[in-house]
Amino acid sequence: MPDSTTSLPDRVGAFDALIIGAGFSGLYQLHCLRDRLGLSARVLEAGDGVGGTWYWNRYPGARCDSESHSYSYYFSEELLKEWEWSERYPEQPEILRYLNHVADRFDLRRDIRFGTRVTEARYDAAANRWHVSTEAGERFTAKFLITAVGCLSTANVPDIPGLDGFSGRWYHTGQWPREGVDFAGKRVGLIGTGSTGIQAAPVIAEAAAHLTVFQRTANYSVPARNAPLTPEFLRWAKDSSADLRRVMHSTTNGHPFTISERSALDATPEERRAAYEAAWEKGGLQFRAAFRDILTDKAANDTAAEFIRAKIREIVKDPETAAKLTNFDHPFAAKRPPIDTSYFEAFNRDNVSLVDVRASPIERITPRGVKTRDAEYGLDIIVFATGFDAMTGPLLKIDIRGRDGVPLREAWEAGPRTYLGLQVAGFPNLFTITGPGSPSVLCNMPVAIEQHVEWITGCIAHMQERGLERIEAEPDAADRWVEHVNEAADATLLPQASSSWYLGANVPGKPRVFMPYAGGMARYRGICDDVAAKGYEGFALSD
Ligand code: N01
């Protein structure tokens, strides 16, 4: 009988850099390190294909909330010119095709190892190397370790008693089966009304016999107004790429629109209504930009909240349902605001009902369905649109150990602590693309990703040129940055959404710390550039 241990793969691959994840970040990071700096680099990817978020999130209605022409890499003029998006907001399959096109166009696949889930990464100070192990027992080493694991990639399935005994099927939207789910003739329960649930509900309602939406927190949403893109628009976007890049680099959130300079409180009620009406008609995340103080002044925010509340009451015919849908407990956009295609309209269908599980909490899942305090709902399928262990989850899922074997989990016991969201003190040569403490999820993601990848690439080039081997965030610099991240959040209304995943509040036991940097992408870019210009101030570099 063969020795079972010898059949385990145990190959060691040594590289200059290892990158974990083959989504938007990992693909571009590989291109930069391999093709611009000439390093040996390898991407380790758990999925069987490229795409990251867009590989896993195949739920019905999955679509990006950023507009196509801005949800693209901007580093290559040729790529911008050759790719044609079909709709205002790209659908999941189209984004996946785009990322596959990028992988082929830049010949990236040969340096990506698919089906390879990283489980451990240990820093060896004597050798100045990261040792990385995978679920299959493979081992790799590299001088630089770069996490490109995304911010929203660890599914959060709530621990509701009885799920194991459910006689139907259940799914989490972030781990959707590749073959899809047939809802025809089925009674479907959808738990969660964040961006995902709000996208999925109307699409599931079209197919299912009945859809019951279980809502814990009423959520604002603005119409997306999706539509096919015209040849004129596509031509304009290509011809204007330099201007669009300039706008996206100059704004708080990396989107291709600017925020009004006017206060909502300076406008008359008529002017305000006209501005909101125009923004509602235009649709999309741009609604937040109607006035400059929507995210910073509660009284200004109230005007937007009231406008949306009135719109929902107009759309939803049943006043009781409308009352539940508008019973907001947080300022507008203090949680990531969804945009929708006929979400509120779906509640006018005979086959859709809404259950307020704040008023009547879910007690358990029975073999037949969901039991709340007041009723049991018979279901054939449960869809969990319950979000993610955001930002820190994907990093802490890997057992990362820095200097002296200190686990990242221990270093972040009280919440994430980074310098610029790029590095952690005590974890040399580890870079975290869109890590906690960076604008990341508060920004149009490809803009945030390109900035991080380019900064990391510049930093490694700087080290190469000077024969430097090691870079590590200084603890003082990290402390100051964490303080600044908190101040930036406190200058906005964002921390006022007490159940927000920005604060880690959606995962029981997770420390409540505001994780992304709310000071704005343009300001952040300036800070990072300044740090680099000053010889990587706040980082210790050594040979
Ligand atoms: O997750 P969420 P998501 N019982 O955490 C509820 C991005 N995204 O997947 O608010 C009952 O926002 C929870 O209720 P509450 C985007 O950044 C992007 O929707 O905690 N309900 C909430 O309603 C977004 O913000 C796109 O009270 C429970 C919902 O589940 C992020 O992903 C598209 C519960 C979770 O909402 C996450 O969005 C989609 C329980 N035990 C998503 N536990 C793009 O367009 C949780 N909930 C790019």
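Residues numbered from 1 in each chain as written. Predicted model: local features only at pLDDT ≥ 70, side-chain atom pairs only at ≥ 80, totals over all residues. Heavy atoms only, no water.

## Focus on the side chain of Thr418
Heads up, the rule is: Per the convention used, a helix needs a DSSP run of H or I reaching at least four residues, while a strand needs a run of E reaching at least two, with both numbered from the N terminus. Nitrogen and oxygen atoms within 3.5 Å of one another constitute a polar contact, given that in protein one can donate a hydrogen and the other can accept it, and given that sequence-neighbouring residues count only through two side-chain atoms. When checking whether two residues touch, look at their non-hydrogen atoms; a contact exists if any pair is within 4.5 Å.
You can see Thr418 is positioned in the loop between α13 (408-411) and β18 (430-432). Looking at Thr418, its side chain comes within polar contact range of the main-chain nitrogen of Gly421, at 2.9 Å. From its side chain, Thr418 meets the backbone oxygen of Pro436 in a polar contact 2.8 Å long. Thr418 has contacts with Trp412, Gln423, Val424, Pro436, Gly437, Ala478, Trp481 and Val482, leaving out every residue within four places of it along the chain.

## Topic: the domain arrangement of the protein
By a frequent convention, interface size equals the accessible area lost on bringing the separate parts together. The cut-off we apply is this: Residue ranges assigned to the domains are those given by an automatic or database domain assignment. When two components associate, each loses some accessible surface as probed by a 1.4 Å sphere; the sum of these losses over both components is called the buried area. Any carboxyl oxygen of Asp or Glu within 4 Å of a side-chain nitrogen of Lys or Arg constitutes a salt bridge here. Each residue gets one label: Ala, Val, Leu, Ile, Met, Phe, Trp, Tyr, Cys and Pro are nonpolar, Asp, Glu, Lys and Arg are charged, and the others, such as Gly, are polar.
Domain annotation of the protein identifies domain 1 (12-154 + 390-542) and domain 2 (163-229 + 250-384). For domain 1 and domain 2, the distance between their C-alpha centroids amounts to 29 Å. Tallying the contact residues gives 38 residues for domain 1 and 44 residues for domain 2. Buried area between domain 1 and domain 2, both sides added, is near 3200 Å², and the carbon and sulfur share of it is 54%. When the area that domain 1 buries against domain 2 is broken down by residue, the three leading residues are Asp65, Arg88 and Leu493, summing to 22%. On the surface where domain 1 and domain 2 come into contact, there are one salt bridge. For Asp65, the salt bridge identified is with Arg336, shortest N-O distance 2.8 Å. Along the contact surface separating domain 1 from domain 2 lie 23 residue pairs in polar contact (both at pLDDT 80 or more). Secondary structure elements with two or more residues in the side of domain 1 that touches domain 2: α2 (53-56) and α16 (521-533). Looking at side-chain class alone, the side of domain 1 that touches domain 2 contains 18 nonpolar, 13 polar and seven charged residues.

## Description of the pattern of salt bridges
Short version of the rule: When accessible area is computed with a 1.4 Å probe and restricted to protein chains, residues below 20% of their type maximum are described as buried, those above 50% as exposed, and intermediate ones as partly exposed.
If you walk through the whole model with that rule in mind, you get 37 salt bridges. Arg122 is paired through a salt bridge with Asp399; the nearest N and O atoms lie 3.5 Å apart. In this pair, Arg122 is assigned in strand β4 (residues 118-124) and Asp399 in strand β17 (residues 399-401), connecting sequence segments 277 residues apart. Residue class for Asp399 comes out partly exposed when judged on its relative accessible area of 24%.

## What to know about the sheet that holds strand β14 (residues 369-372)
Selection rule: When DSSP locates at least two bridges between a pair of strands, those strands are taken to pair. The axes used here are C-alpha line fits, helices contributing only the stretch in contact, and every angle between their N-to-C directions lies in the interval 0 to 180 degrees.
Pairing in this open sheet of three strands is antiparallel, and the strands run β13-β14-β15 from one edge to the other. Here the strands that pair on one side only, and so sit at the sheet edges, are β13 (362-365) and β15 (376-378). Put simply, the sheet's adjacent strands are angled 20° from each other on average, direction ignored. Bridge analysis of β13 against β14 gives three bridges, and the strand direction is antiparallel. The residue bridging Arg364 from the neighbouring strand is Lys371, located in β14.

## What to know about empty space enclosed by the protein
Worth spelling out the cut-off: Both cavities and pockets are sets of points on a 1 Å grid over the protein atoms alone; in a cavity a 1.4 Å probe fits but cannot get out, in a pocket the set is open with protein on both sides within 12 Å along at least five of seven lines, and lining residues sit with an atom within 4 Å of a point. Grid points are joined across faces, edges and corners, and a volume is the space filled by probe spheres set on the points.
Counted according to the given criterion, the structure contains seven cavities of 30 Å³ or more. Here the largest cavity is characterised by a volume of approximately 180 Å³. Taken together, 17 residues make up the lining of the largest cavity; nearest its centre are His69, Leu80, Trp83, Trp85 and Ala237. Only α3 (77-82), α6 (231-239) and α7 (241-250) provide two or more residues apiece to the lining of the largest cavity.

## Quick look at the packing of aromatic side chains
What counts, and what does not: By convention, a stacked pair of Phe, Tyr or Trp rings (six-membered ring in the case of Trp) has centres within 6.5 Å and planes under 30 degrees apart, an edge-to-face pair has planes over 60 apart, and any other such pair is tilted.
Under the defined criterion, the tally for this structure stands at 40 aromatic pairs. Between Trp85 and Tyr98, the aromatic rings sit 4.9 Å apart at their centres with planes inclined by 45°, giving tilted as the arrangement. Of the two residues, Trp85 sits in the loop between α3 and α4 (92-105) while Tyr98 sits in helix α4, which places them 13 residues apart along the sequence. The class of Trp85 is buried, set by a relative accessible area of 5%. Here Tyr98 falls in the buried class, since its relative accessible area comes to 1%. Between Tyr419 and Phe539, the ring centres sit 4.7 Å apart and the planes meet at 50°, which makes this aromatic pair tilted. Of the two residues, Tyr419 sits in the loop between α13 and β18 while Phe539 sits in strand β20 (residues 539-542), which places them 120 residues apart along the sequence. For the residue pair Tyr419 and Phe539, the accessibility class agrees, reading buried in each case.

## Overview of the nonpolar core
Defined as follows: We define a nonpolar core as any set of buried Ala, Val, Leu, Ile, Met, Phe, Trp, Tyr and Cys residues linked to one another through side-chain atoms lying within 4.5 Å.
Formed by 87 residues in total, the largest nonpolar core has its most connected members in Tyr73 and Trp455. Looking at which element gives the most residues to this core, the answer is helix α14 (residues 445-466), with 11 residues. If we skip the residues at most four places from it in the chain, Trp455 touches Leu422, Phe431, Cys528, Asp529, Val531, Ala532, Tyr536 and Phe539. Formed by 48 residues, the second largest nonpolar core is a distinct cluster that contains Ala200, Ala267, Ile312 and Leu325.

## Looking at the site of the ligand
Inclusion rule: Throughout this document, a residue counts as near a molecule or strand when at least one of its heavy atoms sits within 4 Å of that molecule or strand. Here, Shrake-Rupley sampling with a 1.4 Å probe gives the accessible areas, and only protein chains in the shown set may cover a residue.
In the region of the ligand, 24 residues are neighbours, and Asp65, Thr196, Arg216, Thr217 and Lys335 sit closest. A distance of 2.9 Å separates an oxygen atom of the ligand from a polar backbone atom of Thr193. In the environment of the ligand, an oxygen atom lies 2.5 Å from a nitrogen or oxygen atom belonging to the side chain of Thr217. Alone, the ligand offers 910 Å² of accessible surface; in the complex the protein occludes 88% of this. Sort the elements by how many residues they give to the shell around the ligand and helix α5 (residues 195-207) lands first, with three residues. When residues of the shell around the ligand are assigned to domains, at least three map to each of domain 1 (12-154 + 390-542) and domain 2 (163-229 + 250-384).

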